[in-house]
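What the coordinates show
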Amino acid sequence: MKTLTRWSNTVMERYLPDPYIFVAILTLIVFLLGLGFTDSSPLDMVVHWGDGFWGLLAFTMQMVIVLVAGHVLASSPVFKKLLSSMASLAKSPGSAILLVTVVSLIACWINWGFGLVIGALFAKEIAKKVTTVDYRLLIASAYSGFIIWHGGLGGSIPLSIATADHPFSGIMGVVPTSETIFSTYNLVIIAILFITVPLLNRFMMPKPADTVSIDPKLLEEKIEVEQEEMLTPATRLENSYILSMLIGALGLVYLVQHFASKGFDLNLNIVNLIFFIMGIIFHGTPKRFLAAVANAVKTAGGIIIQFPFYAGIMGMMVASGLAGVMSEWFVSISTEATFPVFTFFAAGLVNFFVPSGGGQWAVQAPIMLEAAQTLGVSYSKTAMAIAWGDAWTNMIQPFWALPALAIAGLRAKDIMGYCVFVLILSGIVVSFGLYFF
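Presented here is a report on the structure given in the accompanying data block. Position labels on residues start from 1 in each chain and follow its written sequence. pLDDT decides what is reported in this predicted model: residues at 70 or higher carry local features, side-chain atom pairs at 80 or more are listed and counted, and totals for whole chains, interfaces and linings draw on all residues regardless. To get the side-chain values, all heavy atoms of the structure are used, and hydrogens and water are removed first.

Comments concerning the overall build of the protein
The cut-off we apply is this: Think of it this way: any DSSP run of H or I at least four residues long counts as a helix, any run of E at least two long counts as a strand, and we number them from the N terminus. For a compact globule the rule gives 2.2 Å times the number of residues to the power 0.38, and the radius of gyration it is set against comes from C-alpha atoms. Each residue's exposure class comes from its accessible area (1.4 Å probe, protein chains only) as a fraction of the maximum for that residue type: buried when under 20%, exposed when over 50%, partly exposed otherwise. By definition, residues are in contact when any of their heavy atoms lie within 4.5 Å. For the area figures, the Shrake-Rupley method with a 1.4 Å probe applies, and any residue is considered shielded solely by the protein chains shown. Counted charges follow a simple rule, with Lys and Arg positive, Asp and Glu negative, and His plus the chain ends left uncounted. Note that the charge is assigned to NZ on lysines, CZ on arginines, CG on aspartates and CD on glutamates.
Across its full length, the protein holds 23 helices and 0 strands. Taken over C-alpha atoms, the radius of gyration comes to 22 Å for the protein, in line with the 22 Å a tight globule of 437 residues would show. Once the C-alpha set of the protein is aligned to its principal axes, its extents read approximately 75 × 50 × 45 Å. Expressed as a percentage of the 437 residues in the protein, the buried residues total 55%. Nonlocal contacts in the protein, meaning residues at least 24 apart in sequence, comprise 81% of its contacts between residues at least 6 apart. Only carbon and sulfur atoms are counted for the fraction: they give 68% of the accessible area of the protein, which is about 18700 Å². Side-chain charges in the protein split into 22 positive and 24 negative, and the spacing between the mean points of these groups amounts to 15 Å.

Right, here's the structure in full:
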């Protein structure tokens, strides 16, 4: 295993480009595929790209906020102490890898946005305690928990089809979560991944001579707050604990009302609000909070620049019909027994170009649901096959790794050599669960 991971890391270091170069190349590939496999002309593909370029603008802002707000919360004295206490449970490199993987899996099962940020922040804190752990593998382990998000409580596809009047309710009706998230096959997949992914990450630990550790001092985030020599009404407000507590109380009341009226609805906006409100409260004063924001926003550049390009790729995939062509090919080689597995593979492929659960469901659902009806496969299992495919190839798709990489201060090539093996393992586990259960 150590030999394989060393080889994989070497390949990734040599050939995997910066995520911006990756998305630029992906854009050109989709452009050419659209010309070759659809009726779209070069000008059509350009228009599809341009029309879709800003399609993820709201989502881009959500991701920037989850990254910045998560950073702000983690840099607060109270949260630092909490993470530090949890990190103290790790006494060796092996236990550090296991602990961060399990915490990330649990957090991502609860909510993907929460897990994506918390996993990376927790990994950084552990790296301060266990200085001999391989930092690349530690961050890869934190990211590996993301594999289960679409089979968890925050899965966008199973939650969508459990809602009345969802876009495909006329075809499949309302599908309760007992047939998706809490179905036997899904729970089996989740259970196996909870056991095997931490063990796999532990087995991938490099030899001491090959370990790439990091100086804990480099992980300390220094937040500089300018000191005012003269007190004025304005500076008193900037240093007012009362103002921060009032805003914090406003947010807490809203959160209590939200969960009381809607149950455990932990969507991305609510996660962001929790991070923001806790950050405001834990930093104490507006001045300290704003200083933490100024420090955190430096890490958001990759998301701001790259997400519009992925939106452009989605525009070409959807408007040209290329995503449908890919899906239909997998349908053409499927039988009743193999259809859920091939649907999973199809969704994994489409996810490279349409890295959005909701967007992917909108593209693939009409084709896959019609095929499911023809082959006699349940709609709920078809939906979950698409959901798992969407989560599966995230392991080697830099789009979703960007927030974790920004927090960790690493490049995609630093962790993808490890994530390849998580991709292989999870692909086998999910295929097994969909075929035999």
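A closer look at the pattern of salt bridges
For clarity, the threshold we go by: Criterion for a salt bridge: a side-chain nitrogen of Lys or Arg within 4 Å of a carboxyl oxygen of Asp or Glu.
Enumeration over the complete set of coordinates arrives at 6 salt bridges. Two residues, Arg6 and Asp210, come together in a salt bridge whose shortest N-O distance is 3.4 Å. In this pair, Arg6 is assigned in helix α1 (residues 2-15) and Asp210 in the loop between α11 (184-203) and α12 (216-219), connecting sequence segments 204 residues apart. For Arg6, a relative accessible area of 34% corresponds to the partly exposed category. Under the relative-accessibility criterion, Asp210 is labelled partly exposed at 33%. Here the salt bridges do not stand alone but share partners, grouping Glu13, Arg411 and Asp414 into one network.

Looking at a nonpolar patch on the surface
Test applied: Patches here: salt-bridge-free residues with over 30% relative accessible area, like charges joined within 9 Å, nonpolar side chains (Val, Leu, Ile, Met, Phe, Trp, Tyr) joined within 5 Å.
Taken together, Tyr20, Ile21, Ile25, Ile29, Ile304 and Ile305 make up a surface patch of nonpolar side chains, about 500 Å² in accessible area. Of all the elements in the fold, those that place two or more residues in the nonpolar patch are α2 (19-37) and α17 (301-320). If one sorts the elements of the nonpolar patch by residue count, α2 sits on top with 4 residues. Along the chain, the position of Ile25 falls in helix α2. A residue is classified by how much of its surface remains accessible, and Ile25, at 42% relative accessible area, is partly exposed.

Here we look at the packing of aromatic side chains
Note on aromatic pairs: each is described by the distance of the centres and the angle between the planes. Operational definition: Any Phe, Tyr or Trp ring, taking Trp's six-membered ring, that has another such ring centre within 6.5 Å forms a pair; planes under 30 degrees apart are called stacked, those over 60 apart edge-to-face, and the others tilted. Think of it as a cone above the ring: NZ of Lys or CZ of Arg counts as a charge over the ring if it is within 6 Å of the ring centre and within 35 degrees of the ring normal.
Taken as a whole and assessed by the stated rule, the structure comprises 21 aromatic pairs. Aromatic pair Trp49 and Phe309: ring centres 6.5 Å apart, planes at 50°, arrangement tilted. Note that Trp49 is positioned in helix α3 (residues 42-52) and Phe309 in helix α17, a separation of 260 residues in sequence. On the basis of relative accessible area, Phe309 is assigned to the buried category, the value being 19%. Ring geometry for Phe146 and Trp149: centres 6.1 Å apart, planes at 10°, overall stacked. The exposure class of Trp149 is buried, given its relative accessible area of 5%. Among the aromatic residues, those joined into a ring-pair cluster are Tyr20, Trp49, Phe53, Trp54 and Phe309. It is Lys381 that lies over the ring of Tyr185; its NZ or CZ is 5.3 Å from the centre.

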